[in-house]
Each structure stands twice: as structure tokens, then as C-alpha cells.
Amino acid sequence: MKVCSAPRILNCISLTRGLLGHGAAGDPGLQRYVYAGRFGQSCKRLSIIALQPGFVFMLLNLVGIVTLMGCSGSMVVSDWPQWGRDATKNMVGPDEYGIPSNFDPSRRIGRSNKIDLAKTKHIKWIAELGSNTYGNPTVAMGRVYIGTNNDLPRDPKLKGDRSNIYCLNEESGDLIWQFSAPKLGAGKVGDWEYLGICSSPTIDGERVYAVTNRCEVICLDAAGLADGNDGPFQDEGKYLAGPNQSAIETSTIDADIIWHYDMASELGVFPHNVTSSSVLVVGDTAYATSSNGVDYSHRHIINPRAPALIALEKHTGRLIGEEMSSISGRTYHGNWSSPSYGTVNGASYVFFGAGDGFCYAFYSQPVPDDDGYGILKERWRFDCNPPQYKATEDGKAIRYPAYEGPSEIIASPVFYKNKVYVAIGQDPEHGEGVGALSCIDATQQGDISRSGLIWQYTQINRAISTVSVVDDLLYIADYAGVVHCLDANSGGVYWTHDTLGHIWGSTLVSGGKVYIGNEDGVFTILAAGKK
């Protein structure tokens, strides 16, 4: 551990170079662990999850009872049952989490994959993951859920490149069950090798929702097959084996699939590189991003009419709505942003950062079109790319993915006090480039690219990070590795901090601290506030 000298930094913990790197081998021991820690008598339970790449650490103190927006039933206050904790996707944890400002995950023993727990600090348990882990962990009702790949098989009957979700015991880190999907079979353009499940699972009561590498939305039983096959889906063995293969015998450590919806076969979706988003569950509806995108040439959309956002009935997986705003036809690269939700003047909306660089608000309840098909009706759209990113002063178009050009949206829009905050960004393999963070008036209607702009901050690089807003202060990390603190009402800058490494993850704010990690494996804790 190294303590940084900058006055706003509480601690900067160096784990290992490559721990958070995209596709990098890094340290083969430390890049594939889940850490859970305990911090003092005031914290009943705390989970710290170390991730690759760039989705760093998530620290969750489990105390008390609360009901979270978008989730049914009571949740432990420190449960984190979905990407962004609740449906607004605001990366903020209650101060009651009591997250401390230091911990030490130690180092592996020799060249083995083992770590001496006695030499760690504030670490309760350690669980190994695959070689790539892109999604964030979620925690609910004593279980930790995390997507990863199969590079370190937990089940000897499942070998090779597969995509997994682990369900772990929150007290011990032991495996309860795993979901495992075979490759899509479309090559790296549709299911890149060794990426694993990139979706952060969403827990709603006794059901777990996620998006798979096979371009599916799935619903799982939180208890796995240990309590029987709850169905209606009954062919888990065939699913494990993959198409045209003999069924694999299942066991009690396998996932119980309730239903799955195939967006490729049902809607003609062609995912680019990987299908990746986290499911938003509100009431009886599950919303998911399709990941529809360009082909291998990066110049053509195979199906420009396929929806970028869909709505399913959460109990059955039946399609009940899809966006009809022609997003796919304008998509730069792919649609990977996870949707959010909020209520404005008594009406509820789903907010979506699209692959065409626009942020959209859709009425949350699908309505039938003239042919009786359910659609998600558009309330408003906002172009998050400033005009100067799209064309030069003499009117010449700037082509994607130029450094000075336009970008799509990969971060989740965050809803806060009738405003939506979202930044533009690109696949990190495209490198750094100009960015923009927009504050949008969510009360308006139509194309509000001008009228809906409250403020726009362009002193930022491309970002795939979702913002944290608390006490009218906004925190965001950009891909260049800089953390920015802004006035959420005016967009004025209070401070910036350079972590000196590219950032794929999002800030987490809790208890007066800002937590962020970068792809060099450096985990930084900053003091929240204006100074």
C-alpha cells in the first residue's frame, strides 16, 4: 500500500499492474480474485470485490433493511442488487456503509494462485475468478453474483472458453451455483474470446436477471438447481452443451434457468463484440439493451431495424415492447449502455444512452402500435455530442472514431432531481478523445438537444464511467484517468485528480469518500467534497 501526498487523497492502494487491464495478462494470480473484507465492530458485513478490467472494487457494508426502487421486497440496506444499486443508477452508497479508507489484499504465494489470508488487512475471504471479469458484482440476500469467464473452471465437466455467472455465499465466498453459457459461435465479432459474462446480474426477489454472451436475456432462480428445477425451462443440460450437442448432466451447483429470450433469433439483433448490458427491472417489466451494432468491417449495420432497447414481461420473458426510434440505423459502433429509470411530474420513464450518441427518455409502459405490437414511446431525445464534434467549421463531417469526433454513450444515464447526467465515450481500444458530460432537463419533450441543455462540460476526455451525484456534487472519471468533481447544478469545476492510468470503471461515493480504480491496478480513495 502506498499513501499519496495530494491533500484530497485518503489512500491510494497499489494492487498490481495489469489487474484492471483490458485483455491484459497482468499478474495471473491477483487479477482473478474476489475479496471480501471486515472493517470494525460497527460494520456487520462488508464485501470488497476486485475486478478486471477497470470496474475495480465495490465496497458494501451490509446493515439494516430498506426497499430499493425497482426491486420488489425488502433488501438489506447495504445490498447492491443491481448495477448502480437502484434504478436511478446513481453510484452512491449510504453513509451507513461505514467503508474504511484502507485495506491490503496482500500478494499471492510464490507463483501459485493462493494468497495467505493472514497477511491481508480487512479481508474476510478471497474467491478466484476467471482471467477476465468485466461486470460489477451485485449483492443480495446473503449472495454475491459476479460474471466472469471460464479460464479457471469451477466445474470439471465444463471446459474451454465459456461465459459464467458465479453465485457465492456472502459470508464465506464459497460457490453456491454457477450459470455457464457456451460461445455464441459467431466469431469474435459477435462474441469475443474469453470476455465472459459482461452483465452485472440484477436480483429481484428470488429471481436473477442478466444478459448473456449469446445475445439472450435470462432469468434464473436465485437458489439454483439445489431446490429443484422450477421451470418452465427444463433443458438446462442441453443449454450447457450448446446447439446440436448432447445434453450435459446437471448437478446441484448448476443454475436453474427460469426462461431465456434470444434477441438474435427473435429480433434479428447482431451484437458487436459482445452482448453487454445490465437488466433494469421495474414492477413487472425487465428492460434490456440489445447490443445491436456494426459488422466486422465497422462500416455496416447488419440489421438497422433491430431494436436497441427492449421490454420483457419479467415472469415469463415475453416481449412486450421495443424502441422504435431507429437508433440502430444511426449507431456508430454498438449499443451497450444499461438503462435507468425515474419519475418526472408523476410520469415514469426509462432513460437510455444510445449507440447514436443521443440520450433518450421512453415512457416506461409499452403501448400498442397500429398493428398491435408493443412499442416504447419516445418522450424526448438529446444529442450528447456538441456540434463541433460532428463537423468542422467549414461544414466537413468528422468521421467516427476520430480523436476530435463524435462518440456513442456507454455509461448509464443517472437520474437525479429531475435531471439526467451522462457522458459520451467509445470502446477503450479506440483510445482517448474529446469528451462531453451533459446535464439534461428531464421535464421536457421532443428533440431537446438545445432546449433541454442545462449545462455541458467538455473539459473531459471520453468516458465510459457512470456518474455519482450526492449533495449536489457530481463525480465522474474519464478514460484518460482523471476524476472530476463538479457542481451538479451549474457544471462548475471544483477539482480534478489524475490517477495516472486509464479508467474503465465508475466512481463509488459513500461516507464522504470517493472510490475509483484504474487499469494499472491502482485503487484510489479521495475525500469527497468541494475541496
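For the structure itself, consult the block above.
This section reports on the structure supplied with the text. Fair warning: this is a prediction, and the values are worked out from it, not measured in the lab.

### Digging into the packing of aromatic side chains
For the structure on display, the rule yields 15 aromatic pairs. Measuring from ring centre to ring centre gives 5.3 Å for Phe 351 and Phe 415, while their planes differ by 15°; the resulting arrangement is stacked. Note that Phe 351 is positioned in strand 21 (residues 347–353) and Phe 415 in strand 26 (residues 414–416), a separation of 64 residues in sequence. Assessed through its relative accessible area of 0%, Phe 351 is described here as buried. With a centroid separation of 6.1 Å and an interplanar angle of 40°, the aromatic rings of Phe 358 and Tyr 360 are classed as tilted.

### A short note on the side chain of Glu 216
Note that Glu 216 resides in strand 14 (residues 216–221). No salt bridge is formed by the buried Glu 216. Its closest oppositely charged neighbour is Arg 214, at 4.2 Å. A polar side-chain atom of Glu 216 sits 2.9 Å from a polar atom in the side chain of Thr 212. Once residues within four sequence positions are removed from consideration, Glu 216 is found in contact with Ala 210, Val 211, Tyr 239, His 260, Tyr 261, Asp 262 and Met 263.

### Some thoughts on the sheet that holds strand 22 (residues 358–363)
Strand order in the open sheet formed by 5 strands is 20-21-22-25-29, with mixed pairing between adjacent strands. Where the open sheet ends on each side, the last strands, each with one partner, are strand 20 (340–344) and strand 29 (446–447). Judged from the 5 bridges that link them, strand 20 and strand 21 form a sheet pairing that is antiparallel. Paired with Thr 343 across the strands is Ser 348, a residue of strand 21.

### Here we look at the sheet that holds strand 26
Spatially, the 4 strands line up as an open sheet ordered 26-27-28-30, and their pairing is antiparallel. Both outer strands of the open sheet, strand 26 and strand 30 (453–457), are each paired with one neighbouring strand and no more. Each adjacent strand pair in this sheet contributes to an overall mean axis angle of 20°, direction not counted. Pairing of strand 28 (residues 437–441) with strand 30, which is carried by 4 bridges, proceeds in the antiparallel orientation. The residue of strand 30 that forms the bridge with Leu 437 is Tyr 457.

Criteria and cut-off values
- Residues numbered from 1 in each chain as written.
- Predicted model: local features only at pLDDT ≥ 70, side-chain atom pairs only at ≥ 80, totals over all residues.
- Heavy atoms only, no water.
- Phe/Tyr/Trp six-rings, centres within 6.5 Å; stacked < 30°, edge-to-face > 60°.
- Helix = DSSP H or I, 4+ residues; strand = E, 2+ residues; numbered from the N terminus.
- Buried < 20%, exposed > 50% of the residue type's maximum accessible area, 1.4 Å probe, protein only.
- Lys, Arg positive; Asp, Glu negative; His and termini not counted.
- Salt bridge = Lys/Arg side-chain N within 4 Å of Asp/Glu carboxyl O.
- Polar contact = N/O pair within 3.5 Å; in protein donor to acceptor, adjacent residues only side chain to side chain.
- Contact = heavy atoms within 4.5 Å.
- Pairing = 2+ DSSP bridges.
- Axes fitted to C-alpha atoms, helices over the stretch in contact; angles between N-to-C directions.

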